[in-house]
Amino acid sequence: GSTTTDSTAKGVVVPTAPFLKPCKAEEEPLSGDSYVPPEPLQLQDGDALEAKWDRLRGTRKRDQLRRSMALQTFFVKAGWKTVRANMTDDDMRTAMTAAWVRDGLLQLGPTMIKLGQVFSSRKDLLHPAYCEALESLQTAVPCVSASRVRELLEAELGSPLPFDSFDDTPLAGASLGQVHRAVYKGTPVAVKIQRAGLTEMFDTDFKNIRLGCRAMNLMERGYERIRRMQGKSKAAADRDWMAYANDAARLLYEEIDYVNEGKNAEQFAESLVGTGSNVVVPKVFNDATTEKVLTMEYIESVKMTDTPKVDALGLDRKKLSQEVLDTFLLQLMQTGVLHCDPHPGNMCVTPSGRIVLYDFGMMDTLPQTTVQGMRKIAFGLLNGSPTPDAKEIATRGDSVMEGLEM
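Described below are features of the structure shown in this document.

Definitions and cut-offs
Residues numbered from 1 in each chain as written. Predicted model: local features only at pLDDT ≥ 70, side-chain atom pairs only at ≥ 80, totals over all residues. Heavy atoms only, no water. Helix = DSSP H or I, 4+ residues; strand = E, 2+ residues; numbered from the N terminus. Contact = heavy atoms within 4.5 Å. Salt bridge = Lys/Arg side-chain N within 4 Å of Asp/Glu carboxyl O. Buried < 20%, exposed > 50% of the residue type's maximum accessible area, 1.4 Å probe, protein only. Phe/Tyr/Trp six-rings, centres within 6.5 Å; stacked < 30°, edge-to-face > 60°. Lys NZ or Arg CZ within 6 Å of the ring centre and 35° of its normal.

Considering the environment of Ala70
And step 1. Among the secondary structure elements, Ala70 is positioned in helix H2 (residues 61-88).
And step 2. Expressed as a C-alpha distance, the spacing of Ala70 and Gln107, which sit 37 residues apart in the sequence, is 10.0 Å.
And step 3. Apart from residues no more than four positions distant in its own chain, Ala70 is found in contact with Leu56 and Leu108.

In structure tokens:
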């Protein structure tokens, strides 16, 4: 069967793999007796998990080999379990496999957790059980202890810490770090502290990911040659899996530079000036920010996916959904400055109903010609009367073609 790809403006491109078997919209068993949800993620001790990750990272060849073996073993098993679950059409088995994949990604550390977060929102690509299982990786990643956090902070900001006060209890844990409340020069702030050893882990992980991508390129090209010999048409569009891996690596290495993230947040905020957007971007305090510590304004907000809290605030969820859509259309067709990691964990709402965007580690900028092309395509597809005549159809078609050529 054919495969497709999806891209977010030079960001991470996620290819559609046929063995993942997404449910069709009309068949998607999101509720009811036929759908079996995966087992919830069991929270683990953060320091114990970090210690396990420590054993799987390092710069020595022995450390890299150990991690490479762990990664390759996991993906071979995950591929086999996923294919077997899809072949059986057993919802219970699918749910168990989804939970196993999620737990395996968590055990392998930050890079794989990030991978799980990216795929968690791909309901067009994955069975609902996998999406539900992976969604928990957005918010339920274990945090390390206060003593380890202070050790990391003092290594970056010196001792004593520059904060008036610092809350040892974390607000949230994420794939690449965790967030704590503090007060900086009289202002409530949120402090994001990066996990240890990420660069070394990324180096090894992307060597393995690129190895897998080379294998995928060879297999796909071989498969296409066989189809040509059989007189069949192409099964997939031309694509380069190495390009996908290089895009992902570029963005992830940028994401672990918190100075870069602070600059991205400031650039994104500036791009919204004069647009009429109601989006809130937390202010960054550069004096208390390093490559591994980010200090930003604390904004009282709740996750947009936390339905009970959103309802308790009396907010209109349908209106919020429209505002989220408008926010990303604004980025694509007006500002050209894109937030490239828009999973639900990075979008919140204030009690007054304003959308708050977090995590600007992955951001990109579209050329103005591309932005203009996007506008022409949108106007060509969406403008005009509901019953256009031949002349209007031709005009709108020309607009779409002009946009595609820009």
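This is not the end of the story, as more comes after the structure.
Some remarks on the pattern of salt bridges
And step 1. The final tally for this structure, using the stated rule, is 12 salt bridges.
And step 2. Between Glu254 and Arg250 there is a salt bridge; the shortest N-O distance is 3.7 Å. You can see Glu254 and its partner Arg250 sitting in helix H8 (residues 241-255), 4 residues apart, about one turn around the helix.
And step 3. Each of Lys114, Lys192, Glu255, Glu261, Asp341 and Asp359 takes part in a single network of salt bridges with overlapping partners.

Describing the environment of Cys340
And step 1. In this structure, Cys340 sits in the loop between strand S8 (337-339) and strand S9 (347-349).
And step 2. Accessibility expressed as a relative area gives 12% for Cys340, which makes it buried.
And step 3. Sequence separation between Cys340 and Leu251 is 89 residues; the distance between their C-alpha atoms is 9.0 Å.

With respect to the packing of aromatic side chains
And step 1. Inspection of every chain in the model, using the stated rule, returns 9 aromatic pairs.
And step 2. Plain terms: the ring middles of Phe163 and Tyr184 are 6.1 Å apart, the flat faces sit at 70° to each other, and that makes the pair edge-to-face. Note that Phe163 is positioned in the loop between helix H6 (146-157) and strand S3 (165-173) and Tyr184 in strand S4 (residues 177-184), a separation of 21 residues in sequence. Of the two residues, Phe163 and Tyr184, neither departs from the other in class, the shared state being buried.
And step 3. Seen in terms of ring centroids, Phe206 and Tyr253 are 6.2 Å apart; in terms of plane orientation they differ by 35°. Their pairing is tilted. Of the two residues, Phe206 sits in helix H7 (residues 198-229) while Tyr253 sits in helix H8, which places them 47 residues apart along the sequence.
And step 4. A relative accessible area of 2% means that Phe206 is categorised as buried.
And step 5. Sitting above the plane of the Trp100 ring, Lys81 keeps its charged end 4.9 Å from the centroid.

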